[in-house]
There are 2 protein chains.
Amino acid sequence: MVVAQNIYDRPDFFAGYSRLGRSVAGLGGAPEWPLLRTMLPEVRGRRVVDLGCGFGWFCRWAAGAGAASVRGLDLSQNMLARARAETPDDGVISYAIADLETLELAAASADLVYSSLAFHYVADAARLYAVIREALAPNGMLVFSTEHPIFMAADNAGWRDDGTGGKTWPVDHYAVEGARVTDWLSVGVVKYHRTMATTLNTLIRCGFAITRVEEFSPTPEQIAANPSLAEEVHRPMFLLVAARRQA
Amino acid sequence: MVVAQNIYDRPDFFAGYSRLGRSVAGLGGAPEWPLLRTMLPEVRGRRVVDLGCGFGWFCRWAAGAGAASVRGLDLSQNMLARARAETPDDGVISYAIADLETLELAAASADLVYSSLAFHYVADAARLYAVIREALAPNGMLVFSTEHPIFMAADNAGWRDDGTGGKTWPVDHYAVEGARVTDWLSVGVVKYHRTMATTLNTLIRCGFAITRVEEFSPTPEQIAANPSLAEEVHRPMFLLVAARRQA
């Protein structure tokens with residue numbers, strides 16, 4: 001049985017992660033959130049599950065948008081402790097520890113399964129998609145973001161000079177799927193590279209219809225407000241997918 | 001009205017194109033063909049349209065596979081002249097001049113629309129997909145290959161050293177869609193870069209269900225037979241899509 005690497009409970013990773021814009025400012029600190037939000041179905045009255053809920057920002061947003069119930073699942077004790085501390089006890093939101101490699105969910109127990117930037121830590125995506133598919137009611141939606149394969153593929157990822165003073169991003173070993181070990185906030189963080197084709201075909205084979213795909217790029221307004229985002233025009237960092245459970 | 005650049009009727013381009021492996025050896029000279037072939041529906045008894053049919057290799061294959069009719073359309077007089085000369089006059093295959101920017105097809109007149117490496121020359125893909133959608137019978141299929149956006153995006157595309165002696169491919173301006181002018185077989189060849197998201201979302205909006213996506217990478221057997229294909233593992237050159245007309 002594969003068990004996920006629990007990087008978020010490493011002190012160095014957790015400390016670094018806690019200082020990221022998206023950790024301090026929540027959804028408003030995540031530049032892809034305005035786009036991801038447009039991919040969500042109506043949340044009011046629906047049963048929502050958030051896989052890799054972290055500090056619970058999305059859970060609180062969904063509860064505020066009128067969700068009937070919100071279940072936040074995460075591998076990290078540290079993150080759930082803070083999520084619980086910041087969540088009003090109104091009976092809508094509940095949190096639990098879960099490993100996405102071994103996740104089990106009750107059949108037809110959710111109308112929306114959401115996940116932000118967690119799936120690239122999962123080795124067995126096909127198993128996870130199949131579990132989500134069974135957990136969704138008919139016509140239920142899976143909406144998730146993940147690191148983009150263009151961002152993850154290269155052996156030595158990182159900006160290069162394009163030869164004329166501009167920036168370019170290297171892509172190599174794109175077709176070689178599997179673990180990529182990086183040093184991001186901590187050493188030896190393992191992520192799993194899958195091609196775009198594999199992600200989409202696996203979803204389709206698991207019984208989903210792809211309804212929308214986005215490759216986050218900042219708007220001119222976002223770049224004006226935060227010039228460091230300009231480089232994101234050159235290569236997508238995040239892949240966003242909306243998929244509907246087929247009957 | 002947009003009219004396509006007719007590069008194939010330029011003497012330099014046509015002469016260079018005629019010497020490519022895929023022009024000399026036909027489908028067997030196209031390394032992505034074995035994969036693309038697995039994405040096709042049953043051809044026997046079906047009405048097939050080939051957009052950008054070139055020398056007619058696929059048309060003759062489809063006729064040999066039992067298609068009821070095969071219409072090969074192309075912008076190039078030169079290519080159609082050779083296609084006609086190499087096609088037996090058995091009443092199954094017909095050829096005609098057509099510009100994919102202004103294409104018109106009769107409603108529900110086809111069961112399979114196929115296209116190999118032509119759509120990246122088309123500026124208005126949304127118009128083209130809509131025309132194809134109406135031309136397909138219910139549940140009819142569109143199966144096409146096009147240059148991959150990873151291959152097309154960069155300002156200065158071409159292999160680079162990855163810093164350790166290996167190869168890497170530059171990606172920049174990925175989110176900046178539109179014309180890319182390259183010198184391939186001729187100078188000033190115009191292709192149109194669209195992101196993966198745009199291609200898939202436009203198909204979905206035009207009434208297609210995505211049934212399969214592939215990013216061609218050579219098999220170990222192909223690399224053994226043709227070692228120059230090994231570099232294709234590093235970044236996909238071709239995007240292959242199969243989509244079904246929704247009712």
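Computed from a predicted structure; not experimentally measured.

Draft legend 1. Quick peek at the interface of chain B and chain A. Taken together, the contact between chain B and chain A spans 33 residues of the former and 33 residues of the latter. Both sides together, the interface formed by chain B and chain A hides about 2,500 Å², and carbon and sulfur atoms give 54% of it. Viewed at the interface, chain A and chain B are joined by zero salt bridges. In this assembly, chain B and chain A are joined by 24 residue pairs in polar contact (both at pLDDT 80 or more). The biggest single contributor to the side of chain B that touches chain A is strand β10 (residues 208-215) of chain B, with six residues.

Draft legend 2. How the structure looks around the side chain of Ser-23 of chain B. Residues and elements named next belong to chain B. As for its position among the elements, Ser-23 is in helix α2 (residues 21-24). Note on Ser-23: relative accessible area 1%, which makes it buried. Polar contacts involving the side chain of Ser-23 include one to the main-chain carbonyl oxygen of Tyr-17, which spans 2.5 Å. When sequence neighbours within four positions are dropped, the list of residues in contact with Ser-23 reads Tyr-17, Ser-18, Phe-55, Trp-57 and Arg-82.

Draft legend 3. Looking closely at the packing of aromatic side chains. Enumeration over the complete set of coordinates arrives at 34 aromatic pairs over all chains. Ring geometry for Phe-14 of chain B versus Phe-55 of chain B: centroids 5.9 Å apart, planes at 85 degrees, classification edge-to-face. Here Phe-14 of chain B, found in helix α1 (residues 11-18), pairs with Phe-55 of chain B, found in the loop between β1 (47-51) and α4 (57-64); they are 41 residues apart in sequence, far enough to count as distant. The same class applies to Phe-14 of chain B as to Phe-55 of chain B, namely buried. The aromatic ring of Trp-57 of chain A is capped on one face by Arg-60 of chain A, whose charged end is 5.1 Å from the ring centroid. Above the ring of Trp-169 of chain A, the side-chain terminus of Arg-235 of chain A is found at 4.2 Å from the ring centroid.

Draft legend 4. Main features of the relation of the copies chain B and chain A. With an RMSD of 0.0 Å, chain B superimposes on chain A once it is rotated by 180 degrees and translated 0.0 Å along the axis. Both chain copies can therefore be described as sitting about a two-fold axis. Nearest to the rotation axis, the C-alpha of Pro-170 of chain B is located 2.4 Å from it, this being the minimum over chain B.

Draft legend 5. Spotlight on the sheet that holds strand β6 (residues 160-161) of chain B. Spatially, the four strands line up as an open sheet ordered β6(A)-β7(A)-β7(B)-β6(B), and their pairing is antiparallel. The sheet is open, and its two borders are formed by β6 (160-161) of chain A together with β6 of chain B, each paired with just one other strand. Pairing between β6 of chain A and strand β7 (residues 167-171) of chain A: two bridges, direction antiparallel. Bridged to Asp-161 of chain A within β7 of chain A is Lys-167 of chain A.

Draft legend 6. Summary view of the nonpolar core. Among the nonpolar cores identified, the biggest contains 107 residues, and Leu-51 and Phe-119 of chain A together with Leu-51 and Phe-119 of chain B are the most heavily contacted of them. Apart from the residues within four sequence positions on either side, Phe-119 of chain A is in contact with Leu-51, Leu-100, Leu-128, Tyr-129, Ile-132, Leu-142, Phe-144, Thr-146 and Arg-194 of chain A. By size, the runner-up hydrophobic cluster in this structure holds 28 residues, among which are Val-48, Ala-63, Val-70 and Ala-242 of chain B.

Draft legend 7. Here's a closer look at the side chain of Ser-18 of chain B. Residues and elements named next belong to chain B. Here Ser-18 lies in helix α1. Among the polar contacts made by the side chain of Ser-18, one reaches the main-chain carbonyl oxygen of Phe-14 at a distance of 2.7 Å. If near-sequence neighbours (up to four positions away) are discounted, Ser-18 is found in contact with Ser-23, Val-24 and Phe-55.

Draft legend 8. Examining the environment of Pro-227 of chain B more closely. Residue and element names in this part refer to chain B. With respect to the helices and strands, the residue Pro-227 is situated in the loop between α9 (220-225) and β11 (238-245). With a relative accessible area of 58%, Pro-227 lands in the exposed category. Taking the C-alpha atoms as reference points, Pro-227 and Phe-58, 169 residues apart in sequence, are found 26 Å from one another.

Draft legend 9. Local environment of the sheet that holds strand β3 (residues 93-97) of chain A. Residue and element names in this part refer to chain A. Taken in spatial order, the seven strands of this open sheet run β3-β2-β1-β4-β5-β11-β10, and their pairing is mixed. With one partner strand each, in any of the chains shown, β3 and β10 (208-215) form the two edges of the open sheet. The sheet shows a mean angle of 15 degrees between the axes of neighbouring strands, direction not considered. As defined by bridge partners, strand β4 (residues 110-116) adjoins strand β5 (residues 136-147) across six bridges and the pair is classed as parallel. Bridging across to β5, Ala-110 finds its partner in Leu-136. Lying on the sheet, helix α6 (residues 125-135) is in contact with β1 (47-51), β4, β5, β10 and β11 (238-245); it crosses β5 at an angle near 145 degrees. Where helix α8 (residues 196-205) meets the sheet, it contacts β5, β10 and β11, and its direction lies at approximately 155 degrees from that of β10.

The rules behind these values
- Residues numbered from 1 in each chain as written.
- Chains lettered and ligands numbered in written order.
- Predicted model: local features only at pLDDT ≥ 70, side-chain atom pairs only at ≥ 80, totals over all residues.
- Heavy atoms only, no water.
- Contact = heavy atoms within 4.5 Å.
- Buried area = accessible area lost by both parts, 1.4 Å probe.
- Salt bridge = Lys/Arg side-chain N within 4 Å of Asp/Glu carboxyl O.
- Polar contact = N/O pair within 3.5 Å; in protein donor to acceptor, adjacent residues only side chain to side chain.
- Helix = DSSP H or I, 4+ residues; strand = E, 2+ residues; numbered from the N terminus.
- Buried < 20%, exposed > 50% of the residue type's maximum accessible area, 1.4 Å probe, protein only.
- Phe/Tyr/Trp six-rings, centres within 6.5 Å; stacked < 30°, edge-to-face > 60°.
- Lys NZ or Arg CZ within 6 Å of the ring centre and 35° of its normal.
- Least-squares fit on C-alpha atoms with pLDDT ≥ 70 in both.
- Pairing = 2+ DSSP bridges.
- Core = buried A, V, L, I, M, F, W, Y, C linked by side-chain atoms within 4.5 Å.
- Axes fitted to C-alpha atoms, helices over the stretch in contact; angles between N-to-C directions.

Worth remembering: the numbers are spatial, not functional.
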